[in-house]
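So the chains spell out like this:
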Amino acid sequence: MKRLLYLFVILSFIAAGCSQKKGNNYIRASYKTDIHIVSGNDIHGAIENMPMLAAAVDSLRAIDKSLLVLSAGDNRTGNPLNDLYTIPAFPMVALMNYIGFDASTFGNHEFDSEQPLLSKLINLSNFPYICANVFPDTELGIQNIPYKFFDVKGVKVCILGVIQLGIQGIPDSNPDHLKGIRFEGVEETINKYLYLRDQCDVFILLSHIGYEDDCAMAEKFPQFDLIVGGHTHTQIEGGELHNGVLITQNVNKLQRVTHTILTVENGKVTGKRAENIEISSSKNKNPFVAQIVEKFSDNPELKRVLAVATAPFSTYEELGLLMCDALKEMTHSEIGFTNMGGVRYDTHPKGDFTVDDVLRLDPFGNGVVIMELTPKEIEDMLIACFYADRNRFPYTSGIKCDVEYTANAKNEPEKVVKLTLTTDDGKPLDPNKKYKVAGNAYAVTVSDSPREDEGREFGSISSDLLIKFLTEKKQINYSGRRCLTEHIVK
Amino acid sequence: MIVKVNNEEVRIFKGASVKHALLRYILRIKADVSNIEKLQVKDCKGHQIDQDAPLKEGDSITVKL
């Protein structure tokens, strides 16, 4: 009898001491412990900072080997060494695998990968993508889960993931990459999963919806203990309590991460604190991760031949025209334009045109903007670009520009006095028509002129479009091609 | 879309980042753009944000020039 009583006491102790689910009767952890979490957001391909992150994680794991390592999305986009790897964005996934990330949510930039590549990246990830408001068609092979339970030292932690949706109800990315994927509103999604609160000791929202919306969700859903946020690159000092919910987020590219400590007592979070850890400026590196990064930095993909130039390029204009053709054709626009300062070299020999050649020609990682403009608005925009780009007229594709200037004392263009736009076959533009115009985001931004349509981000960077354009063309010849005729008038 | 920089309205393309709004604002007030990437930007609540941060309609940012 004594033995039986002893066994009962032991079993009761185990049952009470470990969190577990028994049907609907979930038994909460009954002891006090600290849960340590390291969270980053908007890493944007900053593989160069992963050795420092690894060192920080190593140090924290020495304190608590049950450390949870989380990413609030946008792991890719922003570094050609990562984004243009043989398998695009694989270096970041490989490094996250090595460091031992426990989960990531999707950021809008995860969808910058074409769908087969995103599916491949997910398959190569040793961690799940937790995102409850994304529903890809099964045949796309994009695998995400809405939530996941983690057993951390006997404490049951539930992480629910969500991604931001723009005004069109989809994340801010290339719409072509979102075909076949259904998205649901964030609030509606969270409501659907609130029952999870009763099945865990710690309830975390891993969010890529931005600071403002994180605050709004904290106000509406105090059921969360913690919101690990991303998307708006907001630097929160430590963490902020909103309606009792702790919110964390950092600026991008692993400048900092957050170390959050949740104290759990009798199945409830009784203490919350968070601190920022400097990553990009840290001197501590994990040497093995540094070696992997070095390996990825010697990227064979950069030497890949995209097309063959059958004649050399010998002017900025020829190379600018190539860039504009890529903008126009790859966005299905009628006109492409780029500022002259955006063309970074003026000669290229006959022969191979490689990925590295593209990245040297267009190194800025500029986005692409699409606008619908009248001929008058196009004229005004090109003239505004001239003045903003130190009196250098932009290059165009789909139209030719004949421009007259007055000159300064050095006989350099000073003021545009006349601009005539014609189609490639020499006809005037139709004044009653709106033309679809694509420009790099820098050129569009500095060209501050009156126009009804300020445009919208296309969802690709200009160098990516040039890489795709060259890959499609296979052979190119821009020798002697012109888009711009300039005259100085007395 | 319209965002505010230092309380002045800036019309900019949809999907623009902080750096685009900042660039247009600085060019408009004819200030020096050469060190633009070093400028510290804050959101409407006073949090530091980086220049790659996305903006949406109605957002308001401040920068000390």
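None of the values given here were measured: they were computed from a predicted structure. (Residues numbered from 1 in each chain as written. Chains lettered and ligands numbered in written order. Predicted model: local features only at pLDDT ≥ 70, side-chain atom pairs only at ≥ 80, totals over all residues. Heavy atoms only, no water.)

(A) Highlighting the overall build of chain B. Along the backbone of chain B there are one helix and five strands. Moving toward the C terminus, one meets the helices and strands of chain B in the order β-β-α-β-β-β. The globule rule puts the C-alpha radius of gyration for 65 residues at 11 Å, and the 10 Å found for chain B is close to it. C-alpha atoms of chain B, sized along the principal axes, occupy 25 × 25 × 20 Å. Counting all 65 residues of chain B, 46% fall into the buried class. In chain B, the proportion of contacts linking residues at least 24 apart, taken out of those at least 6 apart, comes to 41%. For chain B, the computed accessible surface area is about 3400 Å², with 51% contributed by carbon and sulfur atoms. (Helix = DSSP H or I, 4+ residues; strand = E, 2+ residues; numbered from the N terminus. Rg over C-alpha atoms; globule rule 2.2 N^0.38 Å. Buried < 20%, exposed > 50% of the residue type's maximum accessible area, 1.4 Å probe, protein only. Contact = heavy atoms within 4.5 Å. Areas by Shrake-Rupley, 256 points an atom, 1.4 Å probe, with all protein chains shown as cover.)

(B) Structural detail: the sheet that holds strand 24 (residues 435-440) of chain A. All names here are of chain A. Taken in spatial order, the five strands line up as 21-18-24-20-25 in an open sheet, and their pairing is mixed. Edge positions in the sheet fall to strand 21 (395-397) and strand 25 (456-461), since each of these pairs with one other strand and no more. Within this sheet the neighbouring strands show an average axis-to-axis angle of 25°, counted without direction. Bridge count for strand 18 (residues 335-338) against strand 24 is three bridges, and the pairing is parallel. Residue pairing in the sheet places Phe337 in a bridge with Gly439 of strand 24. (Pairing = 2+ DSSP bridges. Axes fitted to C-alpha atoms, helices over the stretch in contact; angles between N-to-C directions.)

(C) Broad picture of the pattern of salt bridges. Residue and element names in this part refer to chain A. Tallying each qualifying case throughout the model produces 27 salt bridges over all chains. For Lys179, the salt bridge is made with Asp176, and the minimal N-O distance between the two is 3.2 Å. Look at Lys179 and you get exposed, because its relative accessible area is 54%. Exposure remark for Asp176: the relative accessible area of 45% places this residue in the partly exposed category. The salt bridge partner of Glu329 is Lys473, with a shortest N-O separation of 3.2 Å. Of this pair, Glu329 sits in helix 9 (residues 316-330) while Lys473 is found in helix 13 (residues 462-473), placing the two residues 144 residues apart along the sequence. (Salt bridge = Lys/Arg side-chain N within 4 Å of Asp/Glu carboxyl O.)

(D) Molecular detail of unusual backbone geometry. Residues and elements named next belong to chain A. Of note in this structure, His231 is not a glycine but carries a positive phi near 100°. Within the element layout of this structure, His231 appears in the loop between strand 11 (226-228) and strand 12 (234-235). Despite not being glycine, His233 has its phi angle at roughly 55°, a positive value. With respect to the secondary-structure elements, His233 resides in the loop between strand 11 and strand 12.

(E) How the structure looks around helix 1 (residues 18-28) of chain B. Taking burial as the measure, the eleven residues of helix 1 of chain B include eight buried ones, the bulk of the element. Within helix 1 of chain B, burial applies to Val18, His20, Ala21, Leu22, Leu23, Arg24, Tyr25 and Ile26 of chain B. In this fold, the buried residues of helix 1 of chain B make contact with helix 12 (441-446) of chain A together with strand 1 (2-5), strand 2 (8-11), strand 3 (41-43), strand 4 (48-49) and strand 5 (60-63) of chain B. One or two steps after helix 1 of chain B, the chain reaches Lys30 of chain B, where phi turns positive at roughly 60°.

(F) How the structure looks around the domain arrangement of chain A. All names here are of chain A. When the domains of chain A are assigned, the result is domain 1 (26-297) and domain 2 (304-488). Contacts between domain 1 and domain 2 engage seven residues on the former and eight residues on the latter. Summing both partners gives a buried area of about 500 Å² for domain 1 against domain 2, and 58% of it is carried by carbon and sulfur. Among the residues domain 1 hides against domain 2, the three largest losses belong to Leu84, Glu114 and Asn174. Together they make up 65% of the total. At the junction of domain 1 with domain 2, the criterion picks out one salt bridge. Summed over the shared surface of domain 1 and domain 2, the number is one residue pair in polar contact (both at pLDDT 80 or more). Of the residues belonging to the side of domain 1 that touches domain 2, the class tally is three nonpolar, two polar and two charged. (Domains from an automatic or database assignment. Buried area = accessible area lost by both parts, 1.4 Å probe. Polar contact = N/O pair within 3.5 Å; in protein donor to acceptor, adjacent residues only side chain to side chain. Nonpolar A, V, L, I, M, F, W, Y, C, P; charged D, E, K, R; others polar.)

(G) Just the packing of helix 2 (residues 50-63) of chain A against helix 8 (residues 287-297) of chain A, in detail. All names here are of chain A. Packing of helix 2 against helix 8 brings their axes to within 8 Å, and their N-to-C directions diverge by 160°. For the element pair helix 2 / helix 8, the angle class is roughly antiparallel. By crossing handedness, the relation of helix 2 to helix 8 is classed as right-handed. In this structure, helix 2 uses Met50, Pro51 and Ala54 to contact helix 8, whose residues at the interface are Val289, Ala290 and Val293. Split into classes, the residues belonging to the contact of helix 2 with helix 8 amount to six nonpolar, no polar and no charged. (Parallel < 35°, antiparallel > 145°, perpendicular 65-115°, else oblique. Left-handed = near helix turned anticlockwise from the far one by under 90°.)

(H) Quick peek at helix 2 of chain A. All names here are of chain A. Taking 1.5 Å per residue as the helical rise, helix 2 with its 14 residues ought to reach 20 Å, and the 20 Å between its terminal C-alpha atoms agrees with that figure. Inspection of helix 2 places Met50, Pro51, Met52, Leu53, Ala54, Ala55, Ala56, Val57 and Leu60 among the buried residues, and these make up the whole buried set. In the core, the buried residues of helix 2 are packed alongside strand 3 (33-40), strand 4 (68-71), helix 4 (90-99), strand 15 (256-265), strand 16 (268-278) and helix 8. (Expected span 1.5 Å × (residues − 1).)

(I) A look at the environment of Leu178 of chain A. Residue and element names in this part refer to chain A. Summarising the element assignment, Leu178 is placed in the loop between strand 8 (155-163) and strand 9 (181-183). Sequence separation between Leu178 and Tyr345 is 167 residues, and the spatial gap between their C-alpha atoms is 35 Å. Those residues in contact with Leu178, other than ones at most four positions away along the chain, are Phe111, Gln115, Ile170, Pro171, Ser173 and Phe183.

(J) Geometry of the interface of chain A and chain B. Between chain A and chain B, the contact holds 29 residues from the first and 21 residues from the second. Counting each side, the surface lost to burial between chain A and chain B is near 2100 Å², with a carbon and sulfur contribution of 50%. On inspection of chain A and its partner chain B, the count reaches five salt bridges. The closest approach of N and O atoms between Glu212 of chain A and Lys56 of chain B, which form a salt bridge, is 3.5 Å. Linking chain A to chain B there are 15 residue pairs in polar contact (both at pLDDT 80 or more). Examining the composition of the side of chain A that touches chain B, we find that five residues originate from one element, helix 12 of chain A, more than from any other. A per-class count over the side of chain A that touches chain B returns nine nonpolar, ten polar and ten charged.

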